[in-house]
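Summary of structural features
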Amino acid sequence: MIRATLATISALLALALPAAAADDFIAAPTLRASVTVTSDVVRIGDLIDNAGSAALIPVYRSPDLGTTGTLTVGQVLSALRAKQVIGVMTGDIKEVQVTRLARTLASKDIETAVAATLERRFGLGEAANITVTFDRGVADMRLEASNTGALQPVATRYDARSGRFDIAFEIANDGNPAPTKLRFTGTAIETVEVAVLTRDVDRAELLKSSDLSLERRPKAEVAGEPAARDRSIGMQLRRPMRAGTPIRVADIVKPDFVVRDQAVTIIYQVPGLYLTTRGKAIESGAEGDTVSVLNMQSKRTLTGIVTGRGQVTVQGASQSAPTAPAVEQTSSIKRDEAPAPVDTAALVRNLIQSPAPPAQVAQAQIPQVRLSQAPAKSE
């Protein structure tokens, strides 16, 4: 009876051994060639598959945040044996790369977060126009990969007179109930984009593209509306200005197309008639300005509009031309009667003919009237 029992047990053990050996082969620990970690230590379970209960045992310090370190297979196996882990399958792996994951906060992102916190507060304007300077140069920051939350401002202080700020942020951490805290200090000022002179420019010069560059300047330095670069090209300055000076809208004017005492071309234009003659400008003016000019032939002063360089256009009769005598309205003139046509020939004479001598003018204006004396009545 005892012999039969022992034989049965031996047979069962013989059947079980191949299955156990198969299980041991499947569960054999296998080394990884590439490892990524998120904490500050590397554990056995990070280095090998099927680590079992030894998976949580730390064996190395992790590389710096966002960096990769390299271990030889011999170094890894030696560290595992020290923790009683043997029989690790290495295959043809010669080294193991360990990368520590991290969240990178770019310095530009931090600057943007500060500007957004101050936007439309403390007398400041749009975030895009706020220039931030940190007390200590802020480079790209690397945080634990578990810091997945956004930068949330929790405390903000700002001095409008000095432009200094002190802002505290918090970032939610998936691996820790307590958020990560960051604090930044520095200065923040509102700026405007303005055209700046690249050289000294005189009053009479026209601004060229090479004379102007676009820069951001503190808003306090530009009193008034800043001038756009495209709008300033081809304009003149109201006064001489030095290189590096920001240009305001109030500093520029349209260029003078006509200068006082300059020889100009007078254009006389009415429907169906176009005449030109020589003249001299009595005053300066830009395109579209109304100026007075002297007709060199007739010596008459005319008023016209500057329509080009050295060019003044007179439309209709000049203000200095003799005015037609007023016509007394009588009952014989109907209200709806069409006005008399313009005497073009007379207008041309006013433009190009010399004025009549004073005696003739007086004689023309004051006609002589003969008076007949009636004989006295006798009583």
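All values derive from a computational prediction rather than experimental measurement.

1. Overview of the overall build of the protein chain
Helices and strands together make up the secondary structure of the protein chain, namely seven helices and 23 strands. For the protein chain, the residues scored as buried account for 30% of the 379 residues in total. Nonlocal contacts in the protein chain, meaning residues at least 24 apart in sequence, comprise 53% of its contacts between residues at least 6 apart. Element-wise, carbon and sulfur atoms account for 54% of the exposed surface of the protein chain, whose accessible area totals about 24,600 Å².

2. Digging into the pattern of salt bridges
Applying the stated rule across the entire model yields 17 salt bridges. A salt bridge links aspartate 159 to arginine 161; the nearest nitrogen and oxygen atoms lie 3.9 Å apart. Here arginine 161 falls in the exposed class, since its relative accessible area comes to 83%. Among the salt bridges present, the one from lysine 219 reaches glutamate 190, with a minimum N-O distance of 4.0 Å.

3. Some details on the side chain of arginine 217
Along the chain, arginine 217 falls in strand S14 (residues 212-218). If we ignore the near neighbours within four places in the chain, the residues touching arginine 217 are Glu190, Thr191, Val192, Val194, Val196, Val222, Gly244 and Pro246.

4. Points about helix H4 (residues 107-118)
Look at H4: 17 Å from first C-alpha to last across 12 residues, which is about the 16 Å you get at 1.5 Å a residue. Burial in H4 covers these residues: Ile110, Ala113, Val114, Ala115, Thr117 and Leu118. Against strand S8 (102-105), strand S9 (130-134), strand S10 (141-144), strand S11 (152-158), strand S12 (164-173) and strand S13 (176-197) lie the buried residues of H4.

5. Overview of the environment of alanine 250
Here alanine 250 shows up in the loop between strand S15 (236-237) and strand S16 (252-253). Taking the C-alpha atoms as reference points, alanine 250 and glutamate 225, separated by 25 residues in sequence, lie 7.6 Å from one another.

6. Some thoughts on the confidence of the model for the protein chain
Residues with a pLDDT of 70 or more make up 76% of the protein chain, whose mean pLDDT is 80. Overall, residues 1-25 carries pLDDT values under 50, and its contacts beyond four positions in sequence, including any with other chains, amount to zero contacts. Across residues 317-340, where pLDDT falls below 50, the model places 15 contacts with residues more than four positions away in sequence or in other chains.

7. Considerations on the pairing of S11
In the sheet, S11 pairs with S12 via six bridges, with the strands oriented antiparallel. Bridging across to S12, tyrosine 158 finds its partner in phenylalanine 165. Between the antiparallel neighbours S11 and S12 lie five residues, among them glycine 163 with a positive phi of about 80°.

8. A look at the sheet that holds strand S7 (residues 95-100)
The strand order across the open sheet formed by three strands is S2-S7-S6, and the pairing between neighbours is mixed. The sheet is open, and its two borders are formed by strand S2 (34-37) and strand S6 (68-72), each paired with just one other strand. Here the strands of the sheet are splayed against their neighbours by 25° on average, with no regard to which way each runs. Where S2 meets S7, four bridges bridge the pair, whose relative direction is parallel. Opposite threonine 36, over in S7, you have threonine 99 as the bridge partner. Contacting S6 and S7, helix H3 (residues 73-82) crosses the sheet at an angle of about 80° to S6.

9. Focus on the packing of aromatic side chains
In total, this model carries four aromatic pairs according to the counting rule given. A centroid spacing of 6.2 Å and a plane angle of 80° characterise the contact between phenylalanine 134 and phenylalanine 165, whose relative ring orientation is edge-to-face. Residue phenylalanine 134 is found in strand S9, and its partner phenylalanine 165 is found in strand S12; the two are separated by 31 residues along the sequence. Across the pair, exposure class does not vary: phenylalanine 134 and phenylalanine 165 are buried alike. Three or more aromatic residues joined by ring pairs form one cluster here, namely Phe134, Phe165, Phe169 and Phe184.

Calculation notes
- Counting starts from 1 at the beginning of each chain's written sequence and moves along it residue by residue.
- Reporting of local features is limited, given that this is a predicted model, to residues whose pLDDT is at least 70; pairs of side-chain atoms are given and counted only at 80 or more, and all residues count toward the totals for whole chains, interfaces and linings.
- For the side-chain quantities, the full set of heavy atoms in the structure was used; hydrogens and water were omitted.
- Numbered from the N terminus, helices here are DSSP runs of H or I no shorter than four residues, and strands are runs of E no shorter than two.
- Throughout this description, buried means an accessible area under 20% of the type-specific maximum (1.4 Å probe, protein chains only), exposed means over 50%, and partly exposed covers the range between.
- Every residue pair with non-hydrogen atoms within 4.5 Å of one another is taken to be in contact.
- With residues, only the protein chains shown are counted as cover, and all accessible areas are computed by Shrake-Rupley using a 1.4 Å probe.
- Salt bridges are defined by distance alone: a side-chain nitrogen of Lys or Arg within 4 Å of a carboxyl oxygen of Asp or Glu.
- Multiplying 1.5 Å by the helix residue count minus one yields the expected span of that helix.
- The predictor reports its confidence for every residue as pLDDT, a score running from 0 up to 100.
- Pairing between strands is defined by DSSP: at least two bridges between the two strands are required.
- Between the N-to-C directions of two axes lies an angle of 0 to 180 degrees, each axis being a line fitted to C-alpha atoms and, for a helix, fitted only over the stretch in contact.
- Stacked, edge-to-face and tilted are the three classes for Phe, Tyr and Trp ring pairs, Trp counted by its six-membered ring, which pair at centre distances within 6.5 Å; planes under 30 degrees apart are stacked, over 60 edge-to-face, the rest tilted.

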